[in-house]
Structure formats: structure tokens, C-alpha cells
Amino acid sequence: MRNFLFAAPLVVVATVALAQTAPASGEVTKIDEAQGKITLKHGPIKNLDMDGMTMVFATGDPAMLKTVKVGDKITFEADRVNGRLTVTKISKIK
């Protein structure tokens with residue numbers, strides 16, 4: 001019973017943290033595969049309390065850079081990962 005009581009709060013905290021990431025929209029303006037970075041002109045990113053702007057993000061998985069090209073309209077999710085603004089999901093708008 002003790003283990004359950006200890007683990008239950010961790011599950012709640014993890015669920016709340018995951019629920020805070022929300023999709024944002026933008027356009028790819030530059031891709032730097034060698035550095036694993038992508039530059040996006042984006043709208044507001046609510047979970048980061050960020051207004052729309054153009055900025056460079058790290059990527060959670062460098063392979064995601066191969067799924068988009070400069071000029072693509074996208075939806076994406078970003079978060080702070082180890083202190084760096086990082087794109088964690090990305091997909092083209094069809």
C-alpha cells in the first residue's frame with residue numbers, strides 16, 4: 001500500500017505536465033540538420049507563454065527535420081527540454 005500512495009502523486013504530476021503542451025502553427029524558414037535545429041516563424045505558443053515571432057529551436061529527434069522543408073506550413077509542439085526550447089513534435093499542414 002505504501003508504494004501505491006507514493007506512486008499516485010507522480011502519475012498525477014506527469015499527466016498534468018503532458019497536458020500543458022499545446023499545438024502551435026508556423027512556417028519553416030531554415031533547417032540546420034548538422035546542428036539539429038530548425039528556424040520557425042510561428043504564432044503564439046501558449047505553454048511557453050510566447051508571442052508569435054521567428055526563432056531557432058532545437059529538435060527532440062533530428063530525424064524530424066527530414067519530414068519538412070523550408071516554406072512548409074506546419075503544426076508543432078515545443079517545450080523546454082534541459083533548458084533549451086525544443087520542438088518535440090512537428091507535422092506539415094496538408
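Anything mentioned here points back to the structure above.
These numbers come from a predicted model, not from an experiment. (Residues numbered from 1 in each chain as written. Predicted model: local features only at pLDDT ≥ 70, side-chain atom pairs only at ≥ 80, totals over all residues. Heavy atoms only, no water.)

A.B. asks: How would you sum up the overall build of the protein? Please name residues and give values.
C.D. replies: Of regular secondary structure, the protein possesses 1 helix and 5 strands. Traced from its N-terminal end to its C-terminal end, the protein shows the element sequence α-β-β-β-β-β. Taken over 94 residues, the protein has a buried fraction of 31%. Within the protein, residue pairs in contact and separated by at least 24 positions form 48% of the contacts whose partners lie at least 6 positions apart. When the accessible surface of the protein is totalled, it reaches about 6,500 Å², and 58% of it is carbon and sulfur. (Helix = DSSP H or I, 4+ residues; strand = E, 2+ residues; numbered from the N terminus. Buried < 20%, exposed > 50% of the residue type's maximum accessible area, 1.4 Å probe, protein only. Contact = heavy atoms within 4.5 Å. Areas by Shrake-Rupley, 256 points an atom, 1.4 Å probe, with all protein chains shown as cover.)

A.B. asks: Give a detailed account of the side chain of threonine 59, specifying residues and quantitative values.
C.D. replies: The residue threonine 59 is located in strand β3 (residues 53-59) in this model. A polar side-chain atom of threonine 59 sits 2.9 Å from the main-chain carbonyl oxygen of glycine 36. With near-sequence residues (within four places) excluded, threonine 59 lies in contact with Gly36, Ile38, Met64, Leu65, Thr86 and Val87. (Polar contact = N/O pair within 3.5 Å; in protein donor to acceptor, adjacent residues only side chain to side chain.)

A.B. asks: Tell me about the sheet that holds strand β4 (residues 73-81), residues and numbers included.
C.D. replies: The strand order β1-β2-β3-β5-β4 describes a closed barrel built from 5 strands, whose pairing is mixed. Across the sheet, the mean angle separating the axes of adjacent strands is 55° when strand polarity is ignored. Relative to strand β5 (residues 84-92), β3 runs parallel, the two sharing 2 bridges. Within the sheet, the bridge partner assigned to threonine 59 lies in β5 and is valine 87. (Pairing = 2+ DSSP bridges. Axes fitted to C-alpha atoms, helices over the stretch in contact; angles between N-to-C directions.)

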